[in-house]
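Secondary and tertiary structure notes
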Amino acid sequence: MANTHHSHQGAAATAVSGNKFSTTEEVDFVIVGSGAAGGIMAKELSTAGFNVVVLEQGKRYGLGDFLPHDEWMNSVNQKMMGGSLADTPQTYRETEDEEAKELSYRPLMYGQMVGGSSVLYGANFWRFHEVDFKERSLLGPIKGTGFADWPIDYQELEPYYTKVDWEMGVSGEVGPFDPPRSKDYPMPPLPIKSSGVLLKKAAEKLGLKPFAAPMAINSTAFNNRAPCMHCGFCSGHPCEMGAKSSSLSTMLPLAEATGRCEIRSESTVFNIVTNKQGRVTQVQYWDKDGNEQAQRCKAMVLSANGAETPRLLLMSASESHKNGLANSSGLVGKYLMLNAEALNWGVFEEPLNEYKSVLTTQVIHDFYDADLSKGYYGGGGIDARALPNTPIGFALDGLPPEAPKWGAPYKKMVAHNFTRTLTLFSHLTSLAMERNSVSLDPKIKDKWGRPAIRMTYQDHPDDLKNMAFFSNKASELLDAAGAVTQWGTPIEPTRIAAHLLGTCRMGDDPATSVVDRYHRSHDVKNLFICDGSSFVTSGRGQPTMTIMALAFRAAEHIVRFAKNNDI
Amino acid sequence: MDSKQLTRRRFMQASGNMVGCAWLTLSLPAISAASQEAQAARNNNAGYRVLTPAQAVAVDAVAAQIIPSDDSPGAREAGVVYFVDNVLQNEQAHIADIIKDGAQALDAQAKKLHAKVFIALANDQQIALLQSIETTPFFELLRFLTLCGMFASPSYGGNKNKVGWDLIGFKDQGYWQSPFGYYDAQVLKIKG
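For every chain, the first residue of the written sequence is number 1, and numbering continues from 1 onward in sequence order. Labels follow written order: the first chain is A, the first ligand is 1, and so on. Given that the model is predicted, a residue must reach a pLDDT of at least 70 before its local features are reported, and side-chain atom pairs must reach 80 or more before they are shown or counted; all residues, however, enter totals for whole chains, interfaces and linings. In computing side-chain values, all of the structure's heavy atoms are included and hydrogens and water are not.

By the naming in an unreviewed UniProt entry, chain B goes by Gluconate 2-dehydrogenase subunit 3 family protein and is assigned to Dasania phycosphaerae.

Naming follows an unreviewed UniProt entry, where chain A appears as GMC family oxidoreductase of Dasania phycosphaerae. UniProt positions are given in the numbering used here, feature names are shortened, and annotations may be inferred rather than shown by experiment. According to UniProt, the comment filed for chain A under the heading Sequence similarities (unreviewed entry) is "Belongs to the GMC oxidoreductase family."

So, on to the overall build of chain B. Secondary structure elements are defined from DSSP: runs of H or I of at least 4 residues count as helices, runs of E of at least 2 residues count as strands, and each element is numbered from the N terminus. The number of helices and strands found in chain B is eleven helices and zero strands. The helix and strand sequence of chain B, counted from the amino end, reads α-α-α-α-α-α-α-α-α-α-α. Exposure classes here rest on a 1.4 Å probe applied to the protein chains alone. A residue is buried below 20% of its type maximum, exposed above 50%, and partly exposed in between. Relative to its full complement of 192 residues, chain B shows a buried share of 47%. Whether two residues touch is decided by their heavy atoms; if any such pair falls within 4.5 Å, the residues are in contact. Restricting to contacts in chain B with at least 6 residues of sequence separation, those with at least 24 account for 64%.

What follows deals with the confidence of the model for chain B. By definition, pLDDT measures how confident the predictor is in each residue, and it falls between 0 and 100. Mean pLDDT over chain B stands at 83; residues scoring 70 or higher make up 76%. For the stretch residues 1-34 of chain B, pLDDT sits under 50, and the model shows 47 contacts to residues farther than four places along the chain or on other chains.

Once that is clear, we can look at the UniProt feature "domain: Glucose-methanol-choline oxidoreductase N-terminal" (unreviewed entry) in chain A. Annotation from UniProt places "domain: Glucose-methanol-choline oxidoreductase N-terminal" (unreviewed entry) at residues 108-337 of chain A. Helix and strand shares over residues 108-337 of chain A are 21% and 13% respectively, and the end C-alpha atoms of the span are 11 Å apart.

Our focus in this paragraph is the sheet that holds strand S13 (residues 437-445) of chain A. Residues and elements named next belong to chain A. As summarised here, the arrangement of the three strands in space is S3-S14-S13, forming an open sheet in which the pairing is mixed. Edge positions in the sheet fall to strand S3 (90-93) and S13, since each of these pairs with one other strand and no more. Averaged over all adjacent pairs, the angle separating strand axes in this sheet is 35 degrees, with direction ignored. The pairing of S3 with strand S14 (residues 451-456) spans four bridges and is classified as parallel. The partner of Thr-91 across the bridge, within S14, is Arg-454. The strands that helix H9 (residues 308-315) touches are S13 and S14; relative to S13, the one it contacts most, it runs at about 65 degrees. At least two bridges found by DSSP between two strands is the condition for calling them paired. Lines are fitted to the C-alpha atoms to define the axes, a helix being fitted only along its stretch in contact, and any angle between axes, read from their N-to-C directions, falls within 0 to 180 degrees.

All names here are of chain A. Most of S14 sits out of view: six of its six residues are buried. With five bridges joining them, S13 and S14 adopt antiparallel strand pairing. Considered in S14, the bridge of Leu-440 is made with Ile-453.

Another point: the interface of chain A and chain B. Taken together, the 50 residues of chain A in the interface contact 55 residues of chain B. Across the interface of chain A and chain B, roughly 4500 Å² is buried in total on both sides, 70% from carbon and sulfur atoms. We define buried area as the total accessible area lost by two parts upon association, computed with a 1.4 Å probe and summed across both. Looking at the side of chain A facing chain B, the largest losses of area belong to Trp-72, Trp-406 and Lys-411 of chain A, adding up to 20% of the total buried there. Criterion for a salt bridge: a side-chain nitrogen of Lys or Arg within 4 Å of a carboxyl oxygen of Asp or Glu. Our count for the contact surface shared by chain A and chain B stands at one salt bridge. We define a polar contact as two N or O atoms separated by no more than 3.5 Å, with the added condition that, inside protein, one atom must be a possible hydrogen donor and the other a possible acceptor, whereas residues neighbouring each other in sequence contribute only through side-chain atom pairs. Linking chain A with chain B are 20 residue pairs in polar contact (both at pLDDT 80 or more). Put simply, the parts of the chain that give the side of chain A that touches chain B at least two residues each are helix H4 (71-76), helix H7 (194-205), helix H10 (391-397) and helix H11 (408-417) of chain A.

All names here are of chain A. A 1.4 Å probe that fits but cannot get out identifies a cavity on a 1 Å grid over protein atoms alone, an open set with protein on both sides within 12 Å along at least five of seven lines counts as a pocket, and a residue lines either if it has an atom within 4 Å of a point. Grid points are joined across faces, edges and corners, and a volume is the space filled by probe spheres set on the points. All chains considered together, the criterion is met by seven cavities of 30 Å³ or more. The space that makes up the largest cavity amounts to roughly 100 Å³. Taken together, 15 residues make up the lining of the largest cavity; nearest its centre are Cys-228, Met-229, Cys-231, Cys-234 and Cys-239. Residue classes follow a fixed rule: Ala, Val, Leu, Ile, Met, Phe, Trp, Tyr, Cys and Pro count as nonpolar, while Asp, Glu, Lys and Arg count as charged, and any other residue, Gly among them, counts as polar. Residue composition of the lining of the largest cavity, grouped by class: ten nonpolar, three polar and two charged.

So, on to the nonpolar core. In this text, buried Ala, Val, Leu, Ile, Met, Phe, Trp, Tyr and Cys residues form a nonpolar core when linked through side-chain atoms within 4.5 Å. Ranked by internal contacts, the top residues of the largest apolar core, which has 112 residues, are Phe-29, Leu-302, Leu-313 and Leu-527 of chain A. Take this core: its biggest share by element is 13 residues, from helix H13 (residues 544-563) of chain A. If near-sequence neighbours (up to four positions away) are discounted, Leu-302 of chain A is found in contact with Val-32, Ile-272, Thr-309, Leu-312, Leu-313, Leu-527, Phe-528, Ile-529, Cys-530 and Asp-531 of chain A. Counting 61 residues, the second-largest nonpolar core is a separate cluster that includes Cys-231 of chain A together with Tyr-82, Ile-95 and Met-150 of chain B.

Turning our eyes to something else, we now look at the environment of Trp-150 of chain A. Residues and elements named next belong to chain A. Relative to the helices and strands, Trp-150 is located in the loop between helix H5 (135-139) and helix H6 (154-169). Sequence spacing of Trp-150 and Asp-366 is 216 residues, and the spatial spacing of their C-alpha atoms is 23 Å. With residues up to four places along the chain from it excluded, the contact list for Trp-150 reads Phe-128, Asp-132, Phe-133, Met-506, Phe-535, Val-536, Thr-537, Thr-546 and Leu-550.

To continue, consider the pattern of salt bridges. All names here are of chain A. Under the counting rule described, the total for this entry stands at 26 salt bridges over all chains. Across the salt bridge formed by Glu-476 and Lys-473, the nearest N and O atoms sit 3.8 Å from each other. Here the residue Glu-476 and the residue Lys-473 both occupy positions in helix H12 (residues 461-481), the gap between them amounting to three residues, near one helical turn. On the basis of relative accessibility, which here comes to 38%, the residue Glu-476 falls in the partly exposed class. Under the relative-accessibility criterion, Lys-473 is labelled partly exposed at 21%. When salt bridges with common partners are traced through the structure, they connect Lys-43, Glu-44, Lys-163 and Glu-167 into a single cluster.

Moving on to the sheet that holds strand S4 (residues 211-212) of chain A. Two strands in a sheet stick together by hydrogen bonds in their backbones, pointing the same way (parallel) or opposite ways (antiparallel). All names here are of chain A. The six strands are arranged S4-S10-S11-S12-S9-S15 in an open sheet whose pairing can be described as antiparallel. Taken across any chain shown, the strands that pair with only one partner, and hence form the sheet edges, are S4 and strand S15 (485-488). The pairing of strand S9 (residues 341-347) with S15 spans four bridges and is antiparallel. Across the sheet, residue Gly-346 finds its bridge partner in S15, namely Gln-486. H7 rests against strand S10 (362-364), strand S11 (380-385) and strand S12 (421-428) of the sheet, and its axis sits at about 30 degrees to S10. Of the strands in this sheet, S9, S10, S11, S12 and S15 are in contact with H12, which crosses S9 at around 20 degrees.

Those places that UniProt annotates as "domain: Glucose-methanol-choline oxidoreductase C-terminal" (unreviewed entry) correspond, in this numbering, to residues 434-551 of chain A. Annotated as 25% helix and 19% strand, the span residues 434-551 of chain A places its first and last C-alpha atoms 25 Å apart.

Attention now moves to unusual backbone geometry. Note on backbone geometry: most residues besides glycine have negative phi, and most peptide bonds are trans. Residue and element names in this part refer to chain A. In this chain, Leu-67 is followed by Pro-68 through a cis amide linkage whose omega measures -5 degrees. Within the secondary structure, Pro-68 sits in the loop between strand S2 (52-55) and H4. A cis amide bond links Leu-387 with the next residue in sequence, Pro-388, at an omega value of -10 degrees. Position of Pro-388 relative to the elements: it lies in the loop between S11 and H10. The backbone phi angle of Asn-224 is positive, close to 65 degrees, even though this residue is not glycine. Relative to the helices and strands, Asn-224 resides in the loop between S4 and helix H8 (251-257). Among the residues examined, Asn-224 registers a relative accessible area of 67% and is labelled exposed. For Ser-357, which is not glycine, the phi torsion reads 65 degrees and is therefore positive.

Set out below in C-alpha cells:
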C-alpha cells in the first residue's frame, strides 16, 4: 500500500459527515462482511487510523427491531438468514460426480445482516485447545485427507483469545481441560439451568469432569452493555438487550465512533477487481436499489464467511486469474469442514423449562482429544440444552421419531414434553478433505444473478464413527441423569451446518494453502482473508471464538504491514 | 419480590446497572402493519384474503383434527385458520395453491366417499380420510402451518389469547430469573 502512512495521518479529514466515503475515493480498506471477523477488522483498522468501508449484503437492524420475539419470522422464514429459498438458493450434492440439487432448506446457514451470524449465534465460546493446532504432528497423517498442522499454535493465539474475552465479553470459569490463559474470564458463569444440573449430576456419576459453559453473553453488566435477562431467545435470534456479544453490539459501534468507518448495508458484492500488477483496486457491488457500484480501495479484507468468501473469490475470475482470485493453489472453496454432530434426547419427570435463559450452562470436554487407540480419529465436547427450546421448533421437531404426528395423542405428548425435554448435543471434529467444497453452481442463480453456492460434502468414515461414539456416551449420560425415555438421531451424513470452515485454509506453502500465517493471500499482496475459511482443522465445534481471536491477531499484523508500507 | 408481578420495564429498572434503555421505546412500533391487520381481521371476523370461505372451512376442520379441542383449546380456538390465511398472502405465498387446491380436493374426496363435504363428516370419517392423505404435500404443509399457527406469536393471527403457549407451558415473558426449572431449583434449595 503506497502512501498508507500519509493517508492514515490525514484520515479524519477525508471522512465526510456521517462517516460517508465517496466510492471514487480510494479508502484504505474495504472489508467485505460485518460478522464475527469483519466487525473486529472494522474496529481494529479504524481505531488504528485507517479509513474503512464495510460492505454488508444484509440489512441493518437496531436493537429496537428485535422485539417482539419472533420465532415465525426468525426461525421458520429465516428473515435474517437470506429469507426465501428462491431469493438465495443453495445446492447440495454428496460427491463431485452428482448433479447438485436444491433442498427444502439452505444447507449452509449464516446471518445476512449487519453483524452477520454473530447476531444470531448461540454464543458457545470454547477456546481451541493446544492440540487443535498440531494434531497432524502428534497423531501422524490420515490417509485421503488434508489433515495438517496450523502454521500458528495456541501460545501465539492466546493473547487474542484473551482480547476476545475482554473486548467482546465472555462469561465463564476455568474448566478442568482448558489450555493455559493469561487472564481470568471478565464475568462469572451464567446461572446453571436444569439441563446443566442434570448433565453435571450424570457426568459426575460416570467419573467425568463437567464445567460451566463459557458463553459470549453478559452475566453481569459489562463494557457498557446490559446483563442477560434470560428471555430464552438466543440461538437463531437477535438479542434485544445487546447482552449477547455480537459484532453489532460490541465492535461495530466502536468502529463507527472513530469517524473513519462507514458500514454500507444492503451492498451485495459480486466482483473484486485487480489491476495488471495483480493488486486489488476496487470492489464491485450492487447497492440496495440494485445499482452497480464500485468502491476504490488501497487494500481489502475479505471476511464474508466460509461459504461466501470462496464464492466471491471464484466469481472474481479474470484473464489473469482464470480459476478465481487468490486461487493459484486450486484450493479456494476446498477442504470444507462443518463440525459433525450427534444429538440425543431425554424426557424427564419434572419440568426443566429450557425455554428460559441461555442455550446451555454445562459442558464436558473429557473426550475432547482424539484417541487413535479407539481405531479412528475424532474428538468433541458435549453440552446440555433443549433443541429446539422454542414453541414452534419443538412442536415440529422436538418429539421422538415414533411419536404421533397429529391428533389427540400428539397434542397430549407435545403438551407434556415441551418443558421436560433435554438434549445432549455433541460437537465434533470434521476431517479436512479436498473433495468437500463450496463452489459455484453452474445453473442455479440467486436473485441478483450470482451463481448459487454449491455444497459438495461427504463425511469421512472416521467422522461417522466419532458420531456413534458420542451418541453412545450421551445415551449413558441420559441414563445416569434419570431420563424416563430417551432417543438419539440416527448416525447419518451431515447435510446442514452453521460452522463453515476451511475453504481458504491457512499455511506457509502457497501450493497447499490460500492465505499465509498473517491471513494475506499468497497470490494477491493487498488482499487479506480472515473468517472461518482460514481454519486448517475443524476443532470441536464452537469456532466463533477462534474466528474472532484470528481476526484480532490478523488485524494487528495488517496494521503493522500498512504502517510499514508493506501492503 | 416476585419477579412475575413485575412488568418488563419495572424489572429492568429494578435490576439496576441498566444502560441505554432507548431500545425499549424504539421497540414499541415493532409489530408490523401486516401483523396488526391479521389480528384485526381475526378480531372482527373479517373476510379471508387468500382462502375462499369454503376452503377456509375445510382448512379449519383439518387444523381442528391436527390439534383437536378437548379438555383444552385446540387449533380452532387458536384461530389457526386466520394465521394460515395471513401467511399464505405473505411469507408462505409460494404454497398458497397447494393449500387452496388441497382443501377443495379434500371436500371433493369427502363427497365422493360419503356424499358430504369434509366438515360435515363424522369425526371418525374425518380421521380416516386424513390418514389416507397423510403423506400428501397438502396434508404435510397444512400440518406444518397448523403447528406454526398454534405456537407462533399471536400477532400473526393464530395462537389467540396464547392458548397454544398455555397448552405447552411456555410464557414469552421476556425476562426470567434463576431458578428456571425443577432441577436447578432443587439444587438451590439444598444449598440455601
